[in-house]
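Now for the letters of each chain:
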Amino acid sequence: MLIRTQYLNQLIRSKDLNLIKVITGVRRCGKSTLLLQYKDYLISQGIIDKNIIYMNFESADWYSIKDYNDLYKHIRERYSNQKLYILLDEVQNIEKWEKAINSLLVDIDCDIYITGSNAYLLSSELTTLLAGRILTIKIYPFSFKEFLLEYPFNKEEDKYEKFDKYLKYGGMPMLVNMNDNEELMINYLNDIKEVVLKKNVISRNNIKDVVFLDNLIKYMSSVIGNLTTPYKIAEFMKKNGSSITSETVDSYLKMLENAYFIYRVPRFELKGKQLLKTQGKYYFIDNGLKNVIDGISSYDSGSSLENLVYIELLRRGYEVYVGKYDDIEIDFIAIKPNEKIYYQVSRSILDEKVEEREKKSLLAIHDNYRKVILTMDNVKNKELDGIQVINIIDFLMEQ
């Protein structure tokens, strides 16, 4: 089992801080495994088993816990004046769970870790009750480097063939155990899609128009990397026989975002230094999930590369925006407190016209921040007028 050091270290560094550690991410991306790995770490540090409470609310073991009162009583009864380490997996399944969390923090000596597959965790009463006492740890599917460590490749496969499989199937952790069997992997990805939609979107939001939801995600998978708005989407749907409104489209998109299934990337006006409310781009949490919706045979596309780069930038802790400078668009602006990088993503820039187009977007920005073109071209240490040109595989291997 792969130890996901990046995330585990975040939990280790946060141990005993007077904060609720909130681990979020799409279903089956590895939250439960991470929590169990952290439990093993606690035991290795001498924390005795009776002082560690691990509860996975996807398990039938905890069907008797119906609401916050049951949860509070169960944990309170385990307390014997020794610090408890409380690990609650998929806690959003418990009604008004945040009340139990708040009471436990007040009433006993404890260190609390919770996971959930819905952004409701961060927008619920918890944030009101415990303002300033939450530490969020965002988990993503396997990076390419993690995929390389775990996937059962043939010895003859080179880095491009390995990358091709990552681009096609994505990084959902369980895929690496399926012996490179395409049928199994596609069925599994379809299963994840259905579980996310049914449990985190349809059931949670009491959606009635499931057909429209299905049509919406199919449409969104086909327009990755394109600027759009709920109004434009509604107009397209109307042409195809739907009477849906832009308000309904916006509502459904937010539900998908809350399930960590898709991400909206806002536009940033570089001249005015402000976010633009109109238009944005949407990307999927994982290329494999996108591909089973859009058609697995069309996985090898520029939009797939763009989707992959976007999620990688999030994984590295950047805030990411689509850039706008006059009438020029920059694929991504990646920002950290003391860092800003502009990225263009292009399958190839060997064609002179394509090279000029990608350069033009970046050269229009007159500042000293790093500017990068990511491409599948076989390049090494290449620069064009001060712009770095980096092979996407090499980019993914940087960290």
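First things first, this report covers the structure right here in the doc. Not measured: the values here are computed from a predicted model.

1. Quick word on the sheet that holds strand 1 (residues 20-24)
With respect to topology, five strands assemble into an open sheet ordered 2-3-4-1-5, the strand pairing being parallel. The sheet is open, and its two borders are formed by strand 2 (52-56) and strand 5 (134-138), each paired with just one other strand. The average undirected angle you get between the axes of adjacent strands in this sheet is 15°. Two elements, strand 1 and strand 4 (residues 110-116), share four bridges in a ladder whose sense is parallel. Across the sheet, residue V22 finds its bridge partner in strand 4, namely I114. Together, strand 2 and strand 3 (84-89) form the strand contacts of helix 3 (residues 68-78), whose direction differs from that of strand 2 by roughly 155°.

2. Details of unusual backbone geometry
Of note, N81 is a non-glycine position whose phi angle comes to about 65°, a positive value. Here N81 is to be found in the loop between helix 3 and strand 3. With a relative accessible area of 69%, N81 lands in the exposed category. Although it is not a glycine, D180 sits at a positive phi angle of roughly 60°.

3. What to know about the packing of helix 11 (residues 230-239) against helix 12 (residues 246-258)
In the contact formed by helix 11 and helix 12, the axes pass within 8 Å of each other and the chain directions differ by 115°. With respect to each other, helix 11 and helix 12 are oriented roughly perpendicular. Of the two possible hands of crossing, helix 11 and helix 12 adopt the one that is right-handed. Across the interface between the two elements, P230, Y231, I233 and A234 of helix 11 pack against S246, V249, D250 and L253 of helix 12.

4. A few points about the side chain of D89
With respect to the helices, strands and loops of the structure, D89 is situated in strand 3. Engagement of the side chain of D89 in a polar contact is seen with the side chain of S32, the distance being 2.4 Å. Apart from residues no more than four positions distant in its own chain, D89 is found in contact with S32, L35, Y54, M55, N56, F57 and T115.

5. A few points about the sheet that holds strand 9 (residues 328-336)
Strand order across the open sheet formed by eight strands is 7-6-8-9-10-11-13-12, with mixed pairing between neighbours. Edge positions in the open sheet fall to strand 7 (274-284) and strand 12 (382-384), since each of these has one partner strand only. Here the strands of the sheet are splayed against their neighbours by 35° on average, with no regard to which way each runs. Bridge count between strand 11 (residues 370-375) and strand 13 (residues 387-391): four bridges; the pairing is parallel. Looking at the pairing, V372 lines up with Q388 of strand 13. Seen against the sheet, helix 12 touches strand 6 (262-269) and strand 7 and runs at an angle of roughly 110° to strand 6.

Reading guide: rules and limits
- Residues numbered from 1 in each chain as written.
- Predicted model: local features only at pLDDT ≥ 70, side-chain atom pairs only at ≥ 80, totals over all residues.
- Heavy atoms only, no water.
- Pairing = 2+ DSSP bridges.
- Helix = DSSP H or I, 4+ residues; strand = E, 2+ residues; numbered from the N terminus.
- Axes fitted to C-alpha atoms, helices over the stretch in contact; angles between N-to-C directions.
- Contact = heavy atoms within 4.5 Å.
- Buried < 20%, exposed > 50% of the residue type's maximum accessible area, 1.4 Å probe, protein only.
- Parallel < 35°, antiparallel > 145°, perpendicular 65-115°, else oblique.
- Left-handed = near helix turned anticlockwise from the far one by under 90°.
- Polar contact = N/O pair within 3.5 Å; in protein donor to acceptor, adjacent residues only side chain to side chain.

Don't take any of this as a statement about function, it's just geometry.
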